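# Structure at a glance
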Amino acid sequence: MIHLFGRTKKEESASGASGENAGETGQPGGAAGAGGAAPAVGAAATDGRKWGVLAIISMAVFIMVIDTTIMNVSISALVVDLNTDVPTIQAIIAIYALTMASFMLIGGKLQDVLGRKKAFLIGVGIYGVGTFTASMSWNAAVLLIGWSIFEGLGAILMMPATTTFLTSTYQGRDRAVAFGVWGGIGAAGAAFGPIIGGYLTTFYSWRWAFRIELLVVIIILLMSYLLTDSRPTLKWRDLDVVGTLLSFAGLCAIVMGILLLRNYELWQYISTLIGAGLLLMGVFFLWQKRRKTKGRVPLVDVAIFRSRSFVLGNSICVLQNLTLAGFFFIIPVFYQQVTGISAFETGLLLLPISIAIFIFSIAGARLAAFLSPKHLIMIGLLLGITGSFMLRGIFGLDTGSAEFIPGSVVFGIGSGIILSQVTNLTLSAVPDRHATDAAGVLNTLRQLGTSLGTALIGVILIIFIYTGIIGEIEHQAAIAGIPTEEVAAGLHGWVDKMQTGTPDLVVPDAVLAQLTEIINSAISAGMLHCFDAIAIFLGIAFLAALFLPRRAQPAGREEEP
């Protein structure tokens, strides 16, 4: 999930400073900085186009936010239409978030090299190519290129500009209104994305989601004349290409290693991949220190990691995104596989938790008047753990929405409360001069958490389904005289394809019913273990929260020793 809402005033002011310091109208006689942006505001106000910038940014935010939610509820349709399997779609979803995590930091720097308008429009163009390619996908590889790669790269250029455009265009009360709309659009997109995606997938095609996004991209490009440019503040030689490659290679190796865990016979390669990824991230950290020591511009100032609160806050963000992304991946897999519900019905099923997250991510700010942010985060984590325990044992052949909604709503309330507090508490742990670096790291790690959640929780589900199938077959001895290995292979393929009919095995009808029971029992056991894992990860986050400060630190404070 892309988290574009819930930013703090400190983060907004940092973005605004970046945008205003580099701001330029792009018109004859335009001045740099805030003076360059101000005339554009006046002109916009006089000719009735004052809020055009906000309309453009709102459209950009909306299409980026709903992207992943649409994919999650369309898993079964994607498997059938592209003749692929669940692990492949799982990898595509994980790689989308991984692409953004790997290039998020340099995406912000490119805005300083190209100017915010040019960077934003290049990002919109790349995103448009991605949506068109994804809508025309004839196999999983094309979807990977269009959605995971092109849309991911476009998003990392679009996202930083969404805030700097607002801070450089609006002032005072207008700015507060603009950021309110900006946050509301992001929250609404995350809440209602499953319904939109489910409706289009069920009654039309999942391809229409990408076609509508392409239409929005075209509208943004047509309205782009309303956007003001900014003067570049960095040169191309200032970009840390080596650091970008190191972070990309390191994160890729870690996520790919996790995705391969389902093939546990490859454990030597898996351990090598994950170990190499961790090593590369260590080298990346040292490389950033070296660039700063030599007076060159690093991707991120590693001095911010001296703050214990910043490290703890980011750890909580990663773990929360991991559990949330895992939740939104395995629930559609279960309900569409076991119960055979449609994508639209899946969206309706997820609506209560989405609304709970939406409401409590907003209401959490009011709750902070009565409780400290630290205690609110701890309460949110406890609610998430409670919701996980409520859900862990409910999944079976006859599980419906009545059993699912109570636990999911409790889980969603906890997630919303955490979202409302953790950003401010984390970013307030570093001084204002590092606010941009801190926000970049936070957004990068959020996307990494999303990628890891889809990969890790999804792999846990698949592993326990496979082992459950083998255990059930061995427990029931030989089935209709067919070798155990042949039956297991057939059932594994059936699960990977998300087939809700009968396995493609030549056996009597009575045996097919037995095999169906075996699969559904294995999936139910897999879901139980997934929610155990989610509870464990939230428990680790709770332990980290114990060491957070009671309240957000005042702006401009120095790092903790």
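Below you will find a few notes about this structure.

Cut-offs used in this document
Residues numbered from 1 in each chain as written. Predicted model: local features only at pLDDT ≥ 70, side-chain atom pairs only at ≥ 80, totals over all residues. Heavy atoms only, no water. Helix = DSSP H or I, 4+ residues; strand = E, 2+ residues; numbered from the N terminus. Buried < 20%, exposed > 50% of the residue type's maximum accessible area, 1.4 Å probe, protein only. Contact = heavy atoms within 4.5 Å. Lys, Arg positive; Asp, Glu negative; His and termini not counted. Salt bridge = Lys/Arg side-chain N within 4 Å of Asp/Glu carboxyl O. Polar contact = N/O pair within 3.5 Å; in protein donor to acceptor, adjacent residues only side chain to side chain. Expected span 1.5 Å × (residues − 1). Core = buried A, V, L, I, M, F, W, Y, C linked by side-chain atoms within 4.5 Å. Patch = residues over 30% accessible without salt bridge, like charges linked within 9 Å, V, L, I, M, F, W, Y side chains within 5 Å. Areas by Shrake-Rupley, 256 points an atom, 1.4 Å probe, with all protein chains shown as cover. Axes fitted to C-alpha atoms, helices over the stretch in contact; angles between N-to-C directions. Parallel < 35°, antiparallel > 145°, perpendicular 65-115°, else oblique. Left-handed = near helix turned anticlockwise from the far one by under 90°.

### A few points about the overall build of the chain
In terms of regular secondary structure, the chain is built from 18 helices and 0 strands. Per-residue burial for the chain yields a buried fraction of 58% across its 561 residues. Taking the contacts inside the chain whose residues are at least 6 apart along the sequence as the reference set, 83% of them involve residues at least 24 apart.

### Section: the side chain of E213
Looking at the secondary structure, you find E213 in helix α9 (residues 207–223). For E213, which is buried and forms no salt bridge, the nearest opposite charge comes from R211, at a distance of 12 Å. Reaching out from E213, the side chain makes a polar contact with the side chain of Y127 at a distance of 3.2 Å. Ignoring anything within four residues of it in the chain, the contact list for E213 reads I63, I66, D67, I70, Y127, T131 and E151.

### Side note on helix α11 (residues 267–293)
For an α-helix, 3.6 residues make a turn, and residues three or four places apart therefore share a direction. With 27 residues, α11 extends 39 Å between its outermost C-alpha atoms, agreeing within 8% with the 39 Å of an ideal straight helix rising 1.5 Å per residue. Among the residues making up α11, those that are buried are I270, G277, F284, Q288 and R291. Where α11 is buried, its residues meet α5 (86–114) and α10 (241–259). Backbone geometry just after α11 places G295 at a positive phi near 80°.

### So, the nonpolar core
Counting 135 residues, the largest nonpolar core has F120, L143, F327 and I331 as its most contacted members. Each residue touching I331, except ones within four places of it in the same chain, is listed here: L349, L350, F395, F404, M527 and F531.

### Re a nonpolar patch on the surface
Taken together, Y199, F203, Y204, W208 and I212 make up a surface patch of nonpolar side chains, about 540 Å² in accessible area. Those elements giving two or more residues to the nonpolar patch turn out to be α8 (172–203) and α9. Structurally, Y199 is set in helix α8.

### Focus: the packing of helix α12 (residues 308–339) against helix α15 (residues 401–427)
The N-to-C vectors of α12 and α15 enclose an angle of 155°; their axes lie 10 Å apart at closest approach. Here α15 runs roughly antiparallel to α12, going by the angle between their axes. The chirality of how α12 crosses α15 is left-handed. For the pair formed by α12 and α15, the contact residues are F310, G313, N314, I316, C317, Q320, T323, L324, F327, I331 and Y335 on the first element and F404, S408, F411, S415, I418, L419, V422 and T426 on the second.

### Some remarks on the pattern of salt bridges
Following the criterion strictly, the structure yields 2 salt bridges and no others. In this structure, D240 and R291 form a salt bridge, with 3.7 Å as the shortest nitrogen-oxygen distance. A residue pair is termed long-range when its members are at least 10 positions apart, and D240 in the loop between α9 and α10 and R291 in helix α11 qualify at 51 residues. As far as the burial class goes, D240 and R291 line up, both buried. The salt bridge involving R392 is made with D532; its shortest N-O contact spans 2.6 Å. Of this pair, R392 sits in helix α14 (residues 373–392) while D532 is found in helix α18 (residues 509–545), placing the two residues 140 residues apart along the sequence. The class of R392 is partly exposed, set by a relative accessible area of 26%.

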